[in-house]
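Below, each chain spelled out in residue letters.
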There are 2 protein chains.
Amino acid sequence: MSLLRQIGTWRHVFKLDPNRPLSDAALECICTSKTDAIIIGGTDGITYENTHLLWQRVKSYEIPCVQEISTFSAILLGCEGYLIPSVLNTEDAYWLKGAHYEAIRTYGDLIPWEKVAGQGYVILNPEAKVSRLTHCNTNLSTEDLIAYARLSDQLFHLPIFYIEYSGTYGQIEMVRAARRGLRKARLFYGGGIRTQTQAEEMATWADTIVIGNLVYEDLKQALASVAWVKETAQRK
Amino acid sequence: MSLLRQIGTWRHVFKLDPNRPLSDAALECICTSKTDAIIIGGTDGITYENTHLLWQRVKSYEIPCVQEISTFSAILLGCEGYLIPSVLNTEDAYWLKGAHYEAIRTYGDLIPWEKVAGQGYVILNPEAKVSRLTHCNTNLSTEDLIAYARLSDQLFHLPIFYIEYSGTYGQIEMVRAARRGLRKARLFYGGGIRTQTQAEEMATWADTIVIGNLVYEDLKQALASVAWVKETAQRK
């Protein structure tokens, strides 16, 4: 199955950070939790070594595993899929296309494009490391977000539109606005989900829920989130 | 026929600048020249009034006519197609997505996306007004251009990749490099074609040749360029 078709089936994914410790027991629980996929990615302290190590550990399970590329030097050759974020609400073209251009310039013919999916990213938590790093304007209205969703989906044809609240729980109005702006792209939501109510609320509007921090903060709740999300999806 | 299918048949197009005078007799020659389409667009002095006036004049002929949008306030409502340039070799995100975002934010639901085609633009003439305006890095190698072609085509899925030499005749190696980088997008070339040899050289590698300045400098040669390009295309 192509990467895009795979992604089209994802309702719940875990995002694991190569720079944060995770025991073998915890990783086994995550990888056998009936989540749809593991995304390997993070913002700082990402190296080829810690990324490769985490990938090797995940690969011993049957779960699909893709890399979200943030650091050029940490790209995993031979990974089954690559998610490439382009930050839309930045004025700095480097985070929209510059880093991407440099990677394409370097890897050239080696890039397996059928395994690559672009993500139109909108970062909405002003306190997050990633929004400071990428100089984002996080002060957006629902109308602004609809416009970014259309830009991403209709002009750039990015297959994923990703709302990133990065550790804080977001505003449901923003997720609903993004939904209204999209025709083709899959809507990912990530950020601050800790309870069943939150998971259900976001899963009602987003196609795919990304659980990251909760893995490291409360593994039991993180594991429970799989059912919260999937049961909401079935009711839709 | 959808806009994208139409564009897929274009071998030769004229780009007419609303800010430059063109007599009725010249316009009639252009519109009945057997070119494939007229693009209305320019860099400076573009107003709604001069754009609308030129459009009304072209519309009395049967030739397909689309607008290349450069100035937000000059958008022609009801035009049969819109080309939206995103400048790839700039560090200023405004020319890549910022102006686009503002237009989408304003026009919202009114945008007929099926009539819109994004263009990944690479501007290669450092002296051109447009490259100064958009802060382009025009000092690119063939490897750089291949990377931009891949970025445009494979990551952003833009249906057109546009090499713009803007008034000066370009390097054929650059056009060949772009060709190598593209899998899906149509390759447009524009800039400085004045002779049959030049038209044939560029038409051998580019899918679509854009003739702009020559219309205003030497109408007879401009009209002759239709056959130069189309005969080259048939030999390919």
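This one's a predicted model, so the numbers in the text were calculated from it and none came from an experiment.

### As for the relation of the copies chain A and chain B
It takes a turn of 180° to lay chain A on chain B, together with a shift of 0.0 Å along the axis; the resulting RMSD is 0.0 Å. These values place the two chain copies in the arrangement generated by a two-fold rotation axis.

### Details of the environment of Tyr189 of chain B
All names here are of chain B. The topology assignment puts Tyr189 in strand S7 (residues 186–190). Since its relative accessible area comes to 0%, Tyr189 is described here as buried. Counting along the chain gives 47 residues from Tyr189 to Thr142, while the straight-line C-alpha distance between them is 15 Å. The residues contacting Tyr189, other than those within four sequence positions of it, are Ile163, Tyr165, Thr168, Tyr169, Gly170, Val175, Met202, Ala206, Thr208, Ile209 and Val210. Within the local environment of Tyr189, its side chain forms a polar contact with the backbone oxygen of Gly191, the two atoms lying 2.6 Å apart.

### Details of the interface of chain A and chain B
In this assembly, 33 residues from chain A lie in contact with 33 residues from chain B. Buried area between chain A and chain B, both sides added, is near 3000 Å², and the carbon and sulfur share of it is 63%. When the area that chain A buries against chain B is broken down by residue, the three leading residues are Lys97, Trp113 and Leu155 of chain A, summing to 22%. Inspection of the chain A/chain B interface yields 6 salt bridges. Across the pair Asp109 of chain B and Arg150 of chain A runs a salt bridge whose closest N-O atoms are separated by 2.3 Å. Between the two partners, chain A and chain B, sit 10 residue pairs in polar contact (both at pLDDT 80 or more).

### Observations concerning the confidence of the model for chain A
On average, residues of chain A score 95 in pLDDT, and 100% of them are at 70 or above. What the predictor reports for the complex is a pTM of 0.94 with an ipTM of 0.93.

### Topic: the sheet that holds strand S4 (residues 82–87) of chain A
Across a sheet, paired strands are connected by hydrogen bonds in the backbone, their directions being either parallel or antiparallel. Residues and elements named next belong to chain A. Read around the barrel, 8 strands follow the order S1-S2-S3-S4-S5-S6-S7-S8 and close on themselves; strand pairing throughout is parallel. Across the sheet, the mean angle from the axis of one strand to that of its neighbour is 30°, orientation sign disregarded. The sheet contact formed by strand S7 (residues 186–190) and strand S8 (residues 208–211) spans 3 bridges and is parallel. Across the sheet, residue Phe188 finds its bridge partner in S8, namely Thr208. Sitting on the sheet, helix H6 (residues 142–155) is in contact with strand S5 (116–123) and strand S6 (160–164), with an inclination near 150° to S6.

Conventions we followed
Residues numbered from 1 in each chain as written. Chains lettered and ligands numbered in written order. Predicted model: local features only at pLDDT ≥ 70, side-chain atom pairs only at ≥ 80, totals over all residues. Heavy atoms only, no water. Least-squares fit on C-alpha atoms with pLDDT ≥ 70 in both. Helix = DSSP H or I, 4+ residues; strand = E, 2+ residues; numbered from the N terminus. Buried < 20%, exposed > 50% of the residue type's maximum accessible area, 1.4 Å probe, protein only. Contact = heavy atoms within 4.5 Å. Polar contact = N/O pair within 3.5 Å; in protein donor to acceptor, adjacent residues only side chain to side chain. Buried area = accessible area lost by both parts, 1.4 Å probe. Salt bridge = Lys/Arg side-chain N within 4 Å of Asp/Glu carboxyl O. pLDDT = per-residue confidence, 0-100. Pairing = 2+ DSSP bridges. Axes fitted to C-alpha atoms, helices over the stretch in contact; angles between N-to-C directions.

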